[in-house]
Amino acid sequence: MGKVMVIGCGGVASVAIHKICQNDEVFTELCIASRTVSKCDALKEKLEGSTKTKITTAQVDADDVEALTALIKKEKPEAVLNLALPYQDLTIMDACLAAGAHYIDTANYEPEDTAKFEYKWQWAYREKFEKAGLTALLGSGFDPGVTSVFSAYALKHYFDEINYIDILDCNAGDHGYPFATNFNPEINIREVSAKGSYWEDGHWVETEPMEIKRVYNFPEIGEKDMYLLHHEEIESLALNIPGIKRIRFFMTFGESYLNHLRCLEDVGMTSIEPIMYEGKEIVPLQFLKAVLPDPSSLGPRTKGKTNIGCIFVGKKDGQEKKLYIYNTCDHQECYKEVGSQAVAYTTGVPAMIGAMMVMTGTWQKPGVYNMEEFDPDPFMDALNKWGLPWKISENPELVV
Ligand code: NDP
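Residues numbered from 1 in each chain as written. Predicted model: local features only at pLDDT ≥ 70, side-chain atom pairs only at ≥ 80, totals over all residues.

On to the overall build of the chain, then. Looking only at helices and strands, one finds 14 helices and 18 strands in the chain. What you see for the chain is a C-alpha radius of gyration of 20 Å, in line with the 21 Å of a compact globule of 400 residues. Each principal axis of the C-alpha distribution contributes one length, and for the chain these read about 55 × 55 × 40 Å. Counting over 400 residues, the chain shows a buried share of 48%. Within the chain, counting contacts between residues at least 6 apart in sequence, those at least 24 apart form 72% of the total. (Helix = DSSP H or I, 4+ residues; strand = E, 2+ residues; numbered from the N terminus. Rg over C-alpha atoms; globule rule 2.2 N^0.38 Å. Buried ≥ 20, exposed ≤ 12 C-beta atoms within 10 Å, placed from the backbone. Contact = placed C-beta atoms within 7 Å.)

What surrounds the ligand is a group of 33 residues, the closest being Gly8, Gly10, Ala62, Ala107 and Gly141. Counting residues per element, the shell around the ligand draws most heavily on helix α1 (residues 11–22), which supplies 3 residues. Classifying every residue of the shell around the ligand by side-chain character gives 16 nonpolar, 12 polar and 5 charged. Inspection of the shell around the ligand shows a minimum of three residues originating in each of domain 1 (2–138) and domain 2 (146–338). (Near = placed C-beta within 6 Å. Nonpolar A, V, L, I, M, F, W, Y, C, P; charged D, E, K, R; others polar. Domains from an automatic or database assignment.)

Turning next to the domain arrangement of the chain. Parsing the chain into structural domains produces domain 1 (2–138) and domain 2 (146–338). Measuring from the centre of the C-alpha atoms in domain 1 to the corresponding centre in domain 2 gives 24 Å. Its residues placed into classes, the side of domain 1 that touches domain 2 shows 7 nonpolar, 4 polar and 2 charged.

Our next topic: helix α4 (residues 89–99). Structural remark: α-helix, 3.6 residues per turn; residues separated by three or four positions point the same way. Taken residue by residue, α4 has Asp89, Thr91, Ile92, Met93, Ala95, Cys96 and Ala99 as its buried positions. Where the residues of α4 are buried, they touch β1 (2–7), α3 (65–75), β4 (79–82), β5 (102–105), α5 (120–123) and β6 (135–138). In the segment just after α4, glycine 100 is the residue with positive phi, at about 80°.

In this section: the packing of helix α8 (residues 185–193) against helix α11 (residues 284–291). Two elements in contact, α8 and α11, have axes whose closest approach is 9 Å; the angle formed by their N-to-C orientations is 125°. Of the possible angle classes, the one that applies to α8 and α11 is oblique. The interaxial crossing formed by α8 with α11 has right-handed handedness. Counted together, Pro185, Glu186 and Ile189 of α8 and Leu285, Gln286, Leu288 and Lys289 of α11 form the full contact between these two elements. Partitioned by chemical class, the residues of the contact of α8 with α11 number 4 nonpolar, 1 polar and 2 charged. (Axes fitted to C-alpha atoms, helices over the stretch in contact; angles between N-to-C directions. Parallel < 35°, antiparallel > 145°, perpendicular 65-115°, else oblique. Left-handed = near helix turned anticlockwise from the far one by under 90°.)

Moving on: the pairing of strand β2 (residues 27–34). Burial analysis of β2 places 6 of its 8 residues in the buried class, which makes it a mostly covered element. The pairing of β1 with β2 spans 6 bridges and is classified as parallel. Bridging across to β2, methionine 5 finds its partner in cysteine 31. A crossover links β1 with its parallel partner β2, the connecting element being α1, and its sense is right-handed. As defined by bridge partners, β2 adjoins strand β3 (residues 54–59) across 6 bridges and the pair is classed as parallel. By the bridge assignment, leucine 30 is partnered in β3 with isoleucine 55. A crossover connection joins β2 to the parallel β3 through helix α2 (residues 37–47); in handedness this β-α-β unit is right-handed. (Pairing = 2+ DSSP bridges. Right-handed = clockwise from strand over helix to strand, strands pointing away.)

The next thing to look at is helix α14 (residues 376–385). All of the buried residues along α14 are Pro376, Phe379, Met380, Ala382 and Leu383. Each buried residue of α14 lies within a common arc of 160° when the element is viewed along its axis, so the set occupies one face. Every exposed residue of α14 that faces more than 90 degrees away from the buried side is listed here: Asp381, Asn384 and Lys385. On its buried side, α14 packs onto α7 (146–157), α13 (342–359) and β18 (390–393). Phi for glycine 387, located one or two positions after α14, is positive at around 115°. (Arc of directions from axis to C-beta.)

Quick look at the environment of tryptophan 386 now. Positionally, tryptophan 386 belongs in the loop between α14 and β18. The sequence separation of tryptophan 386 and glutamine 22 amounts to 364 residues, and the corresponding C-alpha distance is 9.1 Å. Sequence-distant contacts of tryptophan 386, that is, excluding residues within four places in its chain, are made with Lys19, Val349, Met352 and Ile353.

To continue, consider the sheet that holds β1. The parallel open sheet is built from 7 strands, whose spatial order is β3-β2-β1-β4-β5-β6-β17. Where the open sheet ends on each side, the last strands, each with one partner, are β3 and β17 (367–370). With direction set aside, neighbouring strand axes in the sheet form an average angle of 20°. Both β5 and β6 contribute to a ladder of 2 bridges, which runs parallel. Among the inter-strand pairings, tyrosine 103 is bridged to a residue of β6, identified as alanine 136.

Core analysis: the biggest nonpolar cluster contains 109 residues, and Val6 and Ala16 have the highest contact counts within it. In terms of residues, this core owes the most to one element, α13, which gives 13 residues. Here this core spans two domains, since at least three of its residues come from each of domain 1 (2–138) and domain 2 (146–338). (Core = buried A, V, L, I, M, F, W, Y, C linked by C-beta atoms within 7 Å.)

Structure representation (structure tokens):
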């Protein structure tokens, strides 16, 4: 069917690339392009022989629009799947426009020097993508991504109006380290040490980091502490779900993780302000990343499950209705299948599906779109087929 280019070759990309190679009817060709080409070559070597997808690799710095444009023009993929870091979103979008390729990512743009992620920078590209006749699909991971598709699906099939959404992200995996992050530590720590916020009655309500704590009894997992965080899908869902009154996002954290994080914060290790050290400028958080376990090394050690989903409360035929749509994923099973733990798996699978939706024309519309703006049904079917089956509970416990 067509060619895709994946940019980045880290934890999430590795899963997406495994899935692309499983889906070789759609992805007949794949170019893996990243900063460190040896990682791309190693993955190519591992996968060749078990797939019909023809794989090539390339070295590229995705901050360099000219070099990336030249590479896309040379390789001629129909779509570029950005699985590098949020800092590269805009340069990769620019290169896609210049070279004529569709664009898909899993996380919204974040300037490197301010830990603030919002869609405004990427939404500003709407007209450019419309004029170029290209589709940009934003946030095709799990959260955002699948949670956005769950919302569109609930609205389409179960509700006349959704008033409340609570997005719950539970990772009950245990890797045995006192402190490690499940995906890129820099991105992860920036996210959890920022102020929390939620959307209520048409505006943002800001909270201190980790100020709001709840305990929730997760299906197939049990009771876990979870904390309210700001999360990017809230911004687009607030615009795209009519009748919405409140959207909150909660993520589970264990005691050990939080105690370590507090201590690291107190001594300044999570700061993104550069400091001088022995005549060299370093960013404390980047240094911390270098000493923490590499998330990709957690796969073989992590045991347990994730449960990520959305609780909806709204109305159907004049009656109040509630619903929980969720997926549970087992760390060890993911590792057996693709050599990665469930956090990378739950992001990499929807990244592949998003690219498939765009490449097959199922979700193609010139412009820049969030996931909930397309028909959720084909994506929901693909989740069941490609390793992230979902379940529906019609009588869930609510978050009080
Ligand atoms: P990793 O750090 O494991 O991988 C990032 C990859 O991008 C690395 O291979 C890195 O290269 C490469 N890269 C970084 N900068 C550049 C550059 N300038 N040019 C080319 N390549 C570059 O991150 P993850 O796999 O954990 O995360 C990938 C993305 O997924 C992030 O944007 C993250 O925010 C997002 N994410 C989304 C989730 C969701 O549910 N929506 C959940 C989890 C993550 P090198 O190998 O040289 O370091």
